[in-house]
Amino acid sequence: MTDQNTTGALESQPTNATSSAPNPDVAKAAAAPADGAATATSAPAAAPGAPTDGELQKFREELAGGDETMLKQLERYKSKEAIQRGMREAYNAAKAGRKAVTLTDKSTPEEVKAYREAMGIPEDPAAYPGDFREDYKATDADKAILGDFKAAMHARNVPPAAASAALDWYQDFATAQQQELDGNLAKVAKETQAALRNEWGGEYDGNIGAAQQLMTAHLGKEGFEGMMGLRLMDGSRLQDNIAFVKMMAQLGADYYGGNAIMTGDVETTAKTVQERIDELLALRVSDPEKYKSDDVQQKITKLYSQRDKIKARK
C-alpha cells in the first residue's frame, strides 16, 4: 500500500458533525506500512562485509591504473565478485583464441584456404617467398630445384617463414659440403701425383703425356678436359684417380709404342723406340753384366713389343 492510498483511506473516513481530533491509533496504523511491504525511501540491507560504493569504486580505479576506458568497463560490474568473474571469463576467451590453427587430412578446402590466409601463404606457388642469398654460389642444379622446392612447401602448407628457414639451412649445408669436397680434391690430387712420381720416377712426364695424347686424339680437347674434370663422390676428379691414370698411361704407351714422344707421330715414335733398343743392345759390349740383368732384359722385351705394334699400324 502506497502513501497516496493511505492518505485516501484517511479522507474516506466518516466524520461527525462536530469537529474532533483524529484517533491516534488509527493515524499510527495508517502511517505504518503493511506487513512485508517497504516504503519508497527504504534501502536493502548490505551483506555483511560487502564494500561500500566508495570502496568498490576505489577498487575499480586501482585495477584501471588511470586507464579511463578500462575504468568505464569495470564500472559495469557491481561487486568485486562480478569483476573477478568477468576477468576470468576474458582470460579463458583469450586463451582459447590463442590456440594454433592446424590442418589434418580431413580439412576442407575452405579450412585450407583460411589457414593459408592466416599464415600468409600465397595461392600461387611461384609467389612463395624465398630465393638464394647473394653470397651463395647457386649451381644450375640448385636453380632448377628452387621451383620444385617452393611447390613442395606450398603443397604442404608450410608457412613462408618456415620455408625460408629451410632454404637457409640448405644453403648453409651445401656450402659446407662443397668446401669439404674442394678440400678433398686438392688432397687427393697431391697424394696421386706424389705416388705416381715415386713409382714412375723419370718416366712420370712421359706416361702422363702418353695418356693425355691418347685421350685427346679420341675425345678432342674439350672432351678430354670435360672428362678429366668429372667429380667423383668424394669430391676428387677423375684425372686424380690413381688407377684410372695408370690405366690410360699404359694404353697410351702401348698405342704409341712408348711414352717418350707425345706427338702421336708413328714414324718418330718408332725411331725413338728403335734408338732405345739399340742403346740397350750396346750394353752387350760395354757392360755385359748389366745387359744380362733382369731390368734391362724386361725393358728390351717391352721395347720389342712396342716396336711390333708400331709396325703393325703403318
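Residues numbered from 1 in each chain as written. Predicted model: local features only at pLDDT ≥ 70, side-chain atom pairs only at ≥ 80, totals over all residues. Heavy atoms only, no water.

## Looking at the overall build of the chain
(1) Moving on: Helix and strand counts for the chain stand at 14 helices and zero strands.
(2) Moving on: Split into buried and exposed, the 314 residues of the chain put 25% on the buried side.
(3) Moving on: Residue pairs in contact within the chain that sit at least 24 positions apart in sequence constitute 56% of those at least 6 positions apart.
(4) Moving on: Split by element, the accessible area of the chain, about 22,400 Å² in all, is 54% carbon and sulfur. (Helix = DSSP H or I, 4+ residues; strand = E, 2+ residues; numbered from the N terminus. Buried < 20%, exposed > 50% of the residue type's maximum accessible area, 1.4 Å probe, protein only. Contact = heavy atoms within 4.5 Å. Areas by Shrake-Rupley, 256 points an atom, 1.4 Å probe, with all protein chains shown as cover.)

## Structural notes on the side chain of Ser236
(1) Moving on: In this fold, Ser236 is placed in the loop between helix 9 (204-228) and helix 10 (242-256).
(2) Moving on: Within the local environment of Ser236, its side chain forms a polar contact with the side chain of Asp234, the two groups lying 2.7 Å apart. (Polar contact = N/O pair within 3.5 Å; in protein donor to acceptor, adjacent residues only side chain to side chain.)

## What to know about the nonpolar core
(1) Moving on: Trp200, Met215, Met228, Phe244 and Met248 are the most contacted members of the largest nonpolar core, which totals 14 residues.
(2) Moving on: Ranked by residue count, the leading element in this core is helix 9, at seven residues.
(3) Moving on: Not counting the four nearest positions on each side in its chain, Met228 is found in contact with Met215, Arg237, Leu238, Gln239 and Phe244.
(4) Moving on: Among the nonpolar cores identified, the runner-up in size contains nine residues, and Val273, Leu280, Val296 and Ile300 belong to it. (Core = buried A, V, L, I, M, F, W, Y, C linked by side-chain atoms within 4.5 Å.)

## Observations regarding the packing of helix 7 (residues 140-155) against helix 8 (residues 160-200)
(1) Moving on: Two numbers describe how helix 7 lies on helix 8: the axes approach to 11 Å, and their chain directions differ by 150°. In terms of their interaxial angle, helix 7 and helix 8 are classed as roughly antiparallel. Between helix 7 and helix 8 the crossing geometry is right-handed. Two secondary-structure elements touch here, helix 7 through Asp142, Ile145, Leu146, Phe149 and Met153 and helix 8 through Ala163, Ala166, Leu167 and Tyr170.
(2) Moving on: Tallied by class, the residues present in the contact of helix 7 with helix 8 amount to eight nonpolar, no polar and one charged. (Axes fitted to C-alpha atoms, helices over the stretch in contact; angles between N-to-C directions. Parallel < 35°, antiparallel > 145°, perpendicular 65-115°, else oblique. Left-handed = near helix turned anticlockwise from the far one by under 90°. Nonpolar A, V, L, I, M, F, W, Y, C, P; charged D, E, K, R; others polar.)

## Examining the pattern of salt bridges
(1) Moving on: Taken as a whole and assessed by the stated rule, the structure comprises eight salt bridges.
(2) Moving on: Here Asp240 makes a salt bridge to Arg237, at a shortest N to O gap of 2.9 Å.
(3) Moving on: Linking Lys299 and Asp295 is a salt bridge whose minimum nitrogen-to-oxygen distance equals 3.6 Å. Linking Lys299 with Asp295, this pair stays in helix 14 (residues 294-313), spanning four residues, or about one helical turn.
(4) Moving on: Accessibility expressed as a relative area gives 39% for Lys299, which makes it partly exposed.
(5) Moving on: Within this structure, Arg133, Asp135, Asp168 and Asp172 form a network of salt bridges that share partners. (Salt bridge = Lys/Arg side-chain N within 4 Å of Asp/Glu carboxyl O.)

## Here we look at the side chain of Asp240
(1) Moving on: Inspection of the secondary structure assignment puts Asp240 in the loop between helix 9 and helix 10.
(2) Moving on: Taking the relative accessible area as the measure of exposure, Asp240 reaches 8% and is therefore buried.

## So, helix 3 (residues 53-64)
(1) Moving on: Here helix 3 spans 16 Å end to end across 12 residues, near enough to the 16 Å set by a 1.5 Å rise per residue.
(2) Moving on: Regarding helix 3, the residues found buried are Leu56, Phe59, Arg60 and Ala64. Angularly, the buried residues of helix 3 cover 135° about the axis, an arc narrow enough to put them on a single face. Seen from the buried face of helix 3, the exposed residues on the opposite side, beyond 90 degrees, are Gly54, Lys58 and Glu62.
(3) Moving on: Phi turns positive one or two residues past the end of helix 3, at Gly65, with a value near 60°. (Expected span 1.5 Å × (residues − 1). Arc of directions from axis to C-beta.)

## Topic: the packing of helix 8 against helix 9
(1) Moving on: Interhelical geometry of helix 8 versus helix 9 gives an angle of 115° and a closest axis separation of 9 Å. Across from Gln193, Leu196, Arg197 and Trp200 in helix 8, the residues of helix 9 making contact are Tyr204, Asp205, Asn207 and Ile208.
(2) Moving on: For the contact of helix 8 with helix 9, the residue count by class is four nonpolar, two polar and two charged.

## As for unusual backbone geometry
(1) Moving on: One non-glycine residue, Asn157, adopts positive backbone phi at about 55°.
(2) Moving on: By secondary structure assignment, the location of Asn157 is in the loop between helix 7 and helix 8.

## Examining the packing of aromatic side chains
(1) Moving on: Taken as a whole, this structure holds three aromatic pairs when the rule is applied.
(2) Moving on: Between Trp169 and Phe173, the aromatic rings sit 5.2 Å apart at their centres with planes inclined by 10°, giving stacked as the arrangement. Taken together, the positions of Trp169 and Phe173, both in helix 8 and four residues apart, correspond to about one turn of that helix.
(3) Moving on: Judged by centre distance (6.2 Å) and plane angle (45°), the rings of Trp200 and Tyr204 are tilted.
(4) Moving on: Residue classification places Trp200 among the buried residues on the basis of a relative accessible area of 15%.
(5) Moving on: Relative accessible area serves as the criterion here: at 10%, Tyr204 is assigned to the buried category.
(6) Moving on: Against the face of Phe59 rests Lys80, its NZ or CZ located 4.8 Å from the ring centre. (Phe/Tyr/Trp six-rings, centres within 6.5 Å; stacked < 30°, edge-to-face > 60°. Lys NZ or Arg CZ within 6 Å of the ring centre and 35° of its normal.)

## Focus on the environment of Leu251
(1) Moving on: On the secondary structure map, Leu251 appears in helix 10.
(2) Moving on: Counting along the chain gives 44 residues from Leu251 to Asn207, while the straight-line C-alpha distance between them is 9.6 Å.

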